[in-house]
Amino acid sequence: TVWRKFIRLHVNTLVAADFFTKNVITPMGVRVAYCLTFIHVGTRKVYLSPPTYHPHEQWVQQQARNVLMWLEDNDLPIRFILHDRDAKLLYGFDRVFENAGVQRVRTPVLAPDANAFAESWIGSFKRECLNHFLCFSLGHLEHITWQYVRYFNKYRPHQSLGNRTLPDAERGSPEKGPLKRVGRVKCRRFLGGLLRHYYRAAA
């Protein structure tokens, strides 16, 4: 109850972070690539780091600085950064946020559901996109992740938002009234048609 109350009170200034991995097939064998996800809980907008084989402290610190710049560019407030107790997200990572006036919140021990926002996004990404691909380089993986994040932030419909996209939800409730004449339905394809966005052309 206390945890749910904390989330409810600070949802608009809370950013959740978590890692996920993807096997990359290289001439030297299979290697594990790491990506770091950030989701602004209030708006559901996502920032994703470029993949790396070596998520060392300097790399993680740079991702923290990058997401702070992304939040500022998109006018998204942050007061708390939420993440689990992964050793890669300690010390230098937290220090970058502390220097920016952001308070660290670590999930309780043995409570993976406490970071459900990031976990849920990663699960959706894998089911809808990543599990359909074999990756052969970091550049290949970065292209796939970039395309999905762009699709998610701008074009993906969300059932809990009345099947509206995030930009549409930001603009408020859809206008009610008589149906106006509309143009033909068109389709925008991402990643070879795996992801699709349908929209009406201007009449």
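Analysis parameters
For every chain, the first residue of its written sequence is number 1, and the numbers climb from 1 along that sequence. In keeping with the predicted nature of the model, local features appear solely for residues at pLDDT of at least 70, side-chain atom pairs appear and are counted solely at 80 or more, and the whole-chain, interface and lining totals rest on all residues. Each side-chain value is derived from all of the structure's non-hydrogen atoms; neither hydrogens nor water enter the calculation. By the convention used here, strands pair only if DSSP detects at least 2 bridges between them. Under the scheme used here, helices are H or I runs from DSSP no shorter than 4 residues and strands are E runs no shorter than 2 residues, and both carry numbers assigned from the N terminus. Whenever a helix is involved, its axis is fitted only over the stretch in contact; in every case the axis is a line through C-alpha atoms, and angles between N-to-C directions fall within 0 to 180 degrees. Whether two residues are in contact is decided by their heavy atoms: any pair within 4.5 Å suffices. Surface patches are defined over residues having more than 30% relative accessible area and no salt bridge, joining like charges when they lie within 9 Å and nonpolar side chains (Val, Leu, Ile, Met, Phe, Trp, Tyr) when within 5 Å. Each accessible area is a Shrake-Rupley estimate made with a 1.4 Å probe; only the visible protein chains count as cover when residues are assessed. Only one rule defines a salt bridge in this text: a Lys or Arg side-chain nitrogen within 4 Å of an Asp or Glu carboxyl oxygen. Type-normalised accessible area, obtained with a 1.4 Å probe on protein chains alone, sets the label of each residue: buried when under 20%, exposed when over 50%, and partly exposed for intermediate values.

1. Focus: the sheet that holds strand β3 (residues 45-48)
Right, so step 1: Taken in spatial order, the 5 strands line up as β3-β2-β1-β4-β5 in an open sheet, and their pairing is mixed. Looking along the sheet, the strands with just one partner apiece sit at the ends: β3 and β5 (103-106). If you compare each strand with its neighbour and ignore which way they point, the axes differ by 30° on average.
Right, so step 2: Bridge count between strand β1 (residues 14-26) and strand β2 (residues 29-40): 12 bridges; the pairing is antiparallel. Counted as the bridge partner of Ala-17 is Phe-38 from β2.
Right, so step 3: Sheet strands touched by helix α3 (residues 92-99): β2, β4 (80-83) and β5. Its angle to β4, the strand with the most contacts, is close to 165°.
Right, so step 4: Relative to the sheet, helix α5 (residues 138-154) contacts β1, β2 and β3, its axis offset from that of β3 by approximately 170°.

2. Section: a nonpolar patch on the surface
Right, so step 1: A cluster of nonpolar residues, Ile-25, Val-30, Leu-134 and Phe-136, forms a patch on the protein surface that exposes about 390 Å² of accessible area.
Right, so step 2: Counting through the fold element by element, Ile-25 comes out in strand β1.
Right, so step 3: A residue is classified by how much of its surface remains accessible, and Ile-25, at 34% relative accessible area, is partly exposed.

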